[in-house]
Amino acid sequence: MSSPSETTTIASSADAEQAGVRTTIEQVLIALVLAFVFRAFVVEAFIIPTGSMATTLLGAHMRFDCPDCGWDYDVNYRTVGSTTFIPKKAQNSSGEDRTLNIRCPNCGFRQPPRPMPGLDPVDENAQGPNVYYGDRILVLKYLYLFQDPQRYDVVVFKNPSRSGAAYANLPVESTESYQENYIKRLVGLPGESVLLLDGDVYIAGDARHKETAELTASDFKIARKSDTVQEALWRVVYDDDFRPRGAERDVQLSGGRVETDADFELPWKPSGGWRVESDGFAFAGEGGQLTFDKDANPLCFYLLDYIAYNQTWDDGLRGKDSADTFGRGFNFAGGPHSRDPGTAWLHYADDLRLSLVHHRRDGGGPIALRLSGNGKTFVARVTPGEVVLLDETDPSSPVELARHSDAGVSAVGGTSRLQLAHFDYAIHVEIDGKRVIETNYEPDVGELIFEERNSLKGPEPAASISAVGHVADITRVKLYRDVHYTARDQTAGGSGGGGLHPYASPELFPHGVMRLGEEEYFVIGDNPMLSGDARTWTDDVLLPRERLASDAGRVPGRFLLGKAFFVYWPGGYRPLPFLPPVVPNVGDMRFIR
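In this text the structure is predicted, and so the values were computed from the model without any measurement. (Residues numbered from 1 in each chain as written. Predicted model: local features only at pLDDT ≥ 70, side-chain atom pairs only at ≥ 80, totals over all residues. Heavy atoms only, no water.)

1. Details of the overall build of the protein chain
The helix and strand inventory of the protein chain stands at three helices and 35 strands. Burial statistics for the protein chain: of 593 residues in total, 51% are counted as buried. Taking as baseline every contact in the protein chain between residues at least 6 positions apart, the subset at least 24 positions apart corresponds to 67%. On the protein chain, roughly 26,600 Å² of surface is accessible, and the fraction owed to carbon and sulfur atoms is 53%. (Helix = DSSP H or I, 4+ residues; strand = E, 2+ residues; numbered from the N terminus. Buried < 20%, exposed > 50% of the residue type's maximum accessible area, 1.4 Å probe, protein only. Contact = heavy atoms within 4.5 Å. Areas by Shrake-Rupley, 256 points an atom, 1.4 Å probe, with all protein chains shown as cover.)

Now the structure itself:
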């Protein structure tokens, strides 16, 4: 028989267990409530359906691994008839595998149009490749209730353009007409006038009192990007770490035909004391230069505002292998530079970044990184212990812009990572990841407008590396270009670079400038060729019950949903062909800049 004290102890334990269960249930319920509140008022998840923000953010896409140079790249998958259904593979309406005319942007190698021995059938074959979902992102909702939107934020908003068929029968005055979510980069703020000129964003923020006809070129200043934004917008031109291995470039087509592509041509051309090595370059001599040849491997479109992601921007029947092949050729704006006639227009990108690793074996002579763009030439000359930035636009009379002394720079026996960047009319020099020189200059906006209106273009961009008086190994040579924002429709025909967008264009300056009212914003996609954005919207917003009216081409402030800040699920993998993409691509999780 239990003693009174033992009975009391057992009862207390039972009560404690019941209390623990209640506490657990309460905690779970509270957690669920907090999760719903957090989702409703703090963070919400969205999925990217299209490639308008590529390669910052990816919509439905295909992934390729070049069998020759090993470069990994993504290509847009254009959904047919629906943006919600994403198939497992690239197929036509009859369920047959599509054959894609896909080329590596780094070396120009054509992905095999059918499975071949020794190749990965998943990412190296252009016949019926796998299709991956778009990035899933997190958006800070209501952030803009506490702080103003900042230029170059990536924002999610309600689409103010009634372009979709779903809205055709809805009245303009209905809020149901504006339920489609869009994501773009914010470039124009309330009260500003916006101009897209030669790839950059220009703002007139102090000319609100002027009528449009009174605006002048001197009212506009370039809107420079921050370091974090710029880092997200660099696009690789050529990476020498992925030099081709000499794969067979004969392509077996249907009907037994064979198409032979030109062999890869190394775009860095050595002269003087330079020589090509298996893992880079070497220099030993009194002089010489490595010059980047933009015309090497024409189907790579070096130094143009082209990205491989856009190879399938149109489902037009084009290609030599199959009537179902899709992919297009490109023309060049501003001159007779056509390599493959098509309907898309490209522009040379003047904003470049050049980086390399320099190992000085002997001697004290300089190595010089040189970039040309916007009609200017800048040189970062590096000697042991010193970096000098020069303006060599006039080679006969170079001008010193800045100098930095550091005993550890490019010392004999040492290795230094060198980088020269020229973008947004600013010049940066970095040594081993540390910025040692930074300066900028102002563009001649009037001259740029004149060139644009008359389809003129100054000297083409260029990059080179020169050396003298020392012995060195050069590796990890990489060349990048900046995103090129344009007011032209790059998918339209016509001479001079496609049709005009109605807004932010310099073509009819000052008319065509985008003028923003209070609580109005201007947005554009990071992939201008594929982006249906504020440049093209023609629908006004009119919501009398909301006391809201806004002209076409603008995003009303009340339409902003929040700032995109993190890719939490980048197009996952299918563990088995018949399963959904439930395996996360952890390596591509990233903050959105």
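There is more to say after this.
2. As for unusual backbone geometry
Here the amide bond leading from A54 into T55 is cis, since omega sits at 0°, within 30 degrees of zero. Cis geometry is adopted by the peptide bond preceding P510, which originates at F509 and carries an omega value of 5°. Mapped onto the elements, P510 comes out in the loop between β28 (499–500) and β29 (514–515). With a phi close to 50°, R547 is a non-glycine residue in the positive phi region. Judged by its relative accessible area of 79%, R547 falls in the exposed class.

3. Section: the side chain of D305
Among the structural elements, D305 can be located in the loop between β14 (280–292) and β15 (330–332). At 6.2 Å, R481 is the nearest oppositely charged side chain to D305, a buried residue that forms no salt bridge. Within polar-contact distance, the side chain of D305 engages the backbone nitrogen of H347 at 2.5 Å. (Lys, Arg positive; Asp, Glu negative; His and termini not counted. Salt bridge = Lys/Arg side-chain N within 4 Å of Asp/Glu carboxyl O. Polar contact = N/O pair within 3.5 Å; in protein donor to acceptor, adjacent residues only side chain to side chain.)

4. Description of the nonpolar core
Among the nonpolar cores identified, the biggest contains 80 residues, and Y202, F220, W268, F292 and I465 are the most heavily contacted of them. Discounting chain neighbours no more than four positions away, the residues touching Y202 are S193, V194, L195, L197, F220, K221, I222, A223, Y425, P443, V445 and L448. Residues F157, L516, A534 and V541 belong to the second largest nonpolar core, which totals 36 residues. (Core = buried A, V, L, I, M, F, W, Y, C linked by side-chain atoms within 4.5 Å.)

5. Digging into the packing of aromatic side chains
Enumeration according to the criterion identifies 17 aromatic pairs in this entry. Residues W234 and F423 carry aromatic rings whose centres are separated by 5.4 Å and whose planes lie at 85° to one another, so their mutual orientation is edge-to-face. Of this pair, W234 sits in the loop between α2 (227–233) and β10 (235–239) while F423 sits in strand β22 (residues 415–423), placing them 189 residues apart in sequence. Among the aromatic residues, those joined into a ring-pair cluster are Y238, F264, W268, F292 and Y302. The aromatic ring of F281 is capped on one face by R243, whose charged end is 5.2 Å from the ring centroid. Above the ring of Y441, the side-chain terminus of K376 is found at 5.7 Å from the ring centroid. (Phe/Tyr/Trp six-rings, centres within 6.5 Å; stacked < 30°, edge-to-face > 60°. Lys NZ or Arg CZ within 6 Å of the ring centre and 35° of its normal.)

6. Things to note about the pattern of salt bridges
Tallied over the entire structure, the rule returns 30 salt bridges. For the salt bridge of E44 with K141, the shortest nitrogen-to-oxygen distance reads 2.9 Å. Taken as a pair, E44 in strand β1 (residues 43–47) and K141 in strand β4 (residues 136–141) lie far apart in primary sequence, 97 residues in all. One exposure class covers both E44 and K141, and it is buried. Linked through salt bridges whose partners overlap, the residues forming this network are D227, E430, R435 and E438.

7. Points about the environment of R103
For R103, the location among the structural elements is in the loop between β3 (72–76) and β4. A residue is classified by how much of its surface remains accessible, and R103, at 12% relative accessible area, is buried. The spacing of R103 and L299 is 196 residues in sequence and 7.8 Å in space, taken between C-alpha atoms. Not counting the four nearest positions on each side in its chain, R103 is found in contact with Y73, G108, F109, R110, E259, D261, L299 and Q311. At a separation of 3.2 Å, a polar atom in the side chain of R103 contacts the main-chain carbonyl oxygen of G108.

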